[in-house]
Amino acid sequence: QVQLVESGGGLGQPGGSLRLSCAASGTIFSINSMGWYRQAPGKQRELVARIRSGGSTIYADSVKGRFTISRDNTKNTVYLQMNSLKPEDTAVYYCNAEMNLRGGSTWYNYWGQGTQVTVSS
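Residues numbered from 1 in each chain as written. Predicted model: local features only at pLDDT ≥ 70, side-chain atom pairs only at ≥ 80, totals over all residues. Heavy atoms only, no water.

## Some remarks on the packing of aromatic side chains
And then number 1: For the coordinates displayed, the defined rule picks out one aromatic pair.
And then number 2: Their ring planes at 65° and their centres at 5.0 Å tell us that Y37 and W111 sit as a pair that is edge-to-face. With Y37 in strand β4 (residues 30-39) and W111 in strand β10 (residues 108-111), the pair connects residues that are 74 residues apart, well separated along the chain.
And then number 3: Overall, the relative accessible area of 18% leaves Y37 in the buried class.
And then number 4: Under the relative-accessibility criterion, W111 is labelled partly exposed at 36%.
And then number 5: Directly above the ring of Y94 sits R45, whose terminal nitrogen or CZ lies 3.7 Å from the centroid.
And then number 6: Between R45 and the ring centre of W111, over which it is positioned, the NZ or CZ distance is 4.7 Å. (Phe/Tyr/Trp six-rings, centres within 6.5 Å; stacked < 30°, edge-to-face > 60°. Helix = DSSP H or I, 4+ residues; strand = E, 2+ residues; numbered from the N terminus. Buried < 20%, exposed > 50% of the residue type's maximum accessible area, 1.4 Å probe, protein only. Lys NZ or Arg CZ within 6 Å of the ring centre and 35° of its normal.)

If you want it as structure tokens, here you go:
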């Protein structure tokens, strides 16, 4: 069974840092892009950052210069280093990955279960 398992959420202070990790497990042929999304109460889920298998990245304007996405292809893991945290970063953060399971032409979109990030003093 293929799944994404997130870790690293919790309580962070304004101006502080947190690091999220998301590991893909199961029988996976290859992974294309991986990313992080977040959803605050009463708001729609939004893109935070994505990274392609070759390393190219995109970021939401609200996190540019503060968050860094990276990945370890040998571990099928994506990370989100969050620095200079702000209260408005408070949300449930979801990991996402586009995966090919059998080497054919079909790619599947998987989501993690979400991890809560709360920024408060």
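## Describing the environment of Q44
And then number 1: In this fold, Q44 is placed in the loop between β4 and β5 (46-51).
And then number 2: What makes Q44 exposed here is its relative accessible area of 71%.
And then number 3: When residues no more than four places from it in sequence are discounted, the contact partners of Q44 are R38 and Q39. (Contact = heavy atoms within 4.5 Å.)

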